[in-house]
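Read off the chains here:
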Amino acid sequence: MADADHFDVVILGAGSGGYACALRAAQLGLSVALVEKDKVGGTCLHVGCIPTKALLHAAEVADAARESEQFGVKATLDGIDMAGVNAYKDGVVQRLFKGLTGLINGRGITVVEGSGRLTSPTTVAVGDRTLTGKHVVLATGSYARTLPGLEIDGERVITSDQALTLDRVPATAVVLGGGVIGCEFASVWSSFGTQVTIVEALPRLMAAEDADSSKQLERAFRKRKIKALTGAPFQKVEHTERGVVVHVEGAEPVEAEVLLVAVGRGPRTEGLGFEEAGVTVDRGFVPTDERLRTSVPGVFAVGDIVPGLQLAHRGFAHGIFVAEEIAGLNPAPVRDAGIPRVTYSNPELASVGLTEEQARAAHGDAVETLTYDLGGNGKSQILKTSGSVKLVRRQDGPVIGVHLVGARVGELIGEAQLIFNWEAFPDDVAPLVHAHPTQNEALGEAHLALAGKPLHAHS
Ligand code: NAI
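Residues numbered from 1 in each chain as written. Predicted model: local features only at pLDDT ≥ 70, side-chain atom pairs only at ≥ 80, totals over all residues. Heavy atoms only, no water.

## Thoughts on the overall build of the protein
As a reminder of what qualifies: Only DSSP runs of H or I covering at least 4 residues are called helices, and only runs of E covering at least 2 are called strands; the numbering of each starts at the N terminus. Relative accessible area decides the class of each residue, using a 1.4 Å probe on protein chains only: under 20% of the type maximum gives buried, over 50% gives exposed, and in between gives partly exposed. For this analysis, residues touch if any pair of their heavy atoms sits within 4.5 Å. For accessible areas, the Shrake-Rupley method is used with a probe of radius 1.4 Å. Any residue's cover is judged against the shown protein chains and nothing else.
A count of helices and strands for the protein gives 13 helices and 22 strands. Taken over the C-alpha atoms alone, the protein extends approximately 70 × 60 × 40 Å along its principal axes. Across the 459 residues of the protein, 51% fall into the buried class. Within the protein, residue pairs in contact and separated by at least 24 positions form 63% of the contacts whose partners lie at least 6 positions apart. Here the protein displays about 21,000 Å² of accessible surface, and carbon together with sulfur accounts for 52% of that area.

Printed below as a string of structure tokens:
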């Protein structure tokens, strides 16, 4: 075996978790091999966060054109040129990909192309090459799941992977799953002119979020003519000449050109040698302790294969943590509790911390909530967006949940995240001066109200 194949860290998978780990480890002077079977950047960059948000931005532009009259601007929406939309989206991805490749090369990271397999606690095989690492990091990510008996054909029954490269706007679509992916695609397609029906087994859309946020999203979707069948588990799909007929419990069958399956993402851990090397795998996931150590000393896991939130920014945080851990910096563990969540539909949902329901389950009656309507916020009026800021606090304690609904509220989550992670009391936040007019002010106003001194809200 050549010396060139010995590293301080061998990382399996170059998605958000893997490449962040590689960049930070190299920065800390460690020698790094980064194994990737496809392209560095992974799901987030190529078939996830970035391209979907580009589609959502194109959708926002379409909405702006369609609704321009309300601002006194006479524009018309003449149609959606999917080739143009895809060129814009791909351009964004390509520029970021080029930048990332440059960074990785610049830091002297050895990128090994091919499918890697853990062959022992310290070795990864890629083709006929064996990489040895003092430490190994498993960062293989996730894939779009489907349901038993529901076959993805890539044409009429698709996952988000294919939905991202459609060359046409479907006239009708059923979106199976009213979670993050379902709501984001329902939003995009509706803005592009598709008649969308969402099918969700649970009683509400975005069931992991605060019930009030769900309610507002459902109301906004209804206004946008997006149909949501909730409490309606999927039964079966029939193929017809023109598309599919989707059968659900408790509702009439729905006919559509395409069926998007968005029922969650599964961990990509099968057939990669994890269990054979002694790594515990539980229902496909790799359990770790809070220092992201697997059951095998020297082997770490990061990102979507670790049970918990499946979010790119959690992957980044995991990757950085593990690099620093290996370098002996004793970093603070990454807590899922403090990780912000954003759904980029129209309207957006953004949150951090506990929902009201979770807070009540944890603290009983000692929970107080405050909802500030964006109707009282100048910038929201200018943007003609409706929505709200909802704060959840422990009585006489810090804010333990922030829930935002409205256009672009994802950009406000940074401040909410500081409030949550620093365990701020409403009285700590209330005196902060927010720029006027911004949507951020709504967070300030909500805290003023919660501290008992509302300015633009009713006492
Ligand atoms: P999800 O878990 O958010 O939603 C899946 C939905 O499908 C659930 O509401 C579930 O009740 C429903 N479902 C499952 N089986 C069903 C059935 N038989 N009939 C009807 N409904 C059924 O998963 P999703 O939306 O696929 O997203 C996967 C992951 O990717 C999530 O963890 C999400 O956080 C992440 N993601 C994050 C984004 C963001 O941060 N903006 C964007 C896209 C994905």
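Resuming the write-up.
## Concerning the nonpolar core
The nonpolar side chains of soluble globular proteins are, as a tendency, buried together. Cut-off, in case you're wondering: Residues belong to a common nonpolar core when they are buried Ala, Val, Leu, Ile, Met, Phe, Trp, Tyr or Cys residues joined through side-chain atoms within 4.5 Å.
Of all hydrophobic cores here, the largest spans 51 residues; its most connected members are Ile11, Leu34, Val137, Leu138, Phe274 and Val322. Every element with two or more residues in this core is listed here: strand S1 (6-12), helix H1 (16-27), strand S2 (32-36), helix H4 (82-106), strand S5 (123-126), strand S6 (129-138), strand S17 (299-301) and helix H8 (312-326). A total of six residues in this core trace back to one element, the largest contributor, which is H1. The contacts of Leu138, once residues within four sequence positions are left out, are Leu12, Leu118, Phe274, Val279, Val299, Phe300, Ala301, Val302 and Ile305. Ile158, Ala163, Trp189 and Leu217 belong to the second largest nonpolar core, which has 29 residues in total.

## Some remarks on H1
Cut-off, in case you're wondering: Here the expected length of a helix is defined as 1.5 Å per residue gap, with one fewer gap than residues.
In this model, H1 (twelve residues) spans 16 Å end to end at C-alpha, consistent with the 16 Å of a helix rising 1.5 Å per residue. Burial runs high along H1: ten of the twelve residues are buried. For H1, the complete set of buried residues consists of Ser16, Gly17, Gly18, Tyr19, Ala20, Cys21, Ala22, Leu23, Ala25 and Ala26. Taken together, the buried residues of H1 touch S1, S2, helix H2 (42-47), H4, S6 and H8.

## Quick notes on the sheet that holds strand S13 (residues 244-248)
The cut-off we apply is this: Paired strands are those between which DSSP finds at least two bridges. The axes are straight lines fitted to the C-alpha atoms, using for helices just the contacting stretch, and the angles between their N-to-C directions are given from 0 to 180°.
Pairing is antiparallel in the open sheet, where three strands are placed in the order S12-S13-S14. Two strands lie at the open edges of the sheet, namely strand S12 (234-239) and strand S14 (254-256), each paired on one side alone. Here the average twist between neighbouring strands, direction ignored, is 25°. In this sheet, S14 lies alongside S13 in antiparallel orientation, the contact comprising three bridges. The residue bridging Val245 from the neighbouring strand is Glu255, located in S14.

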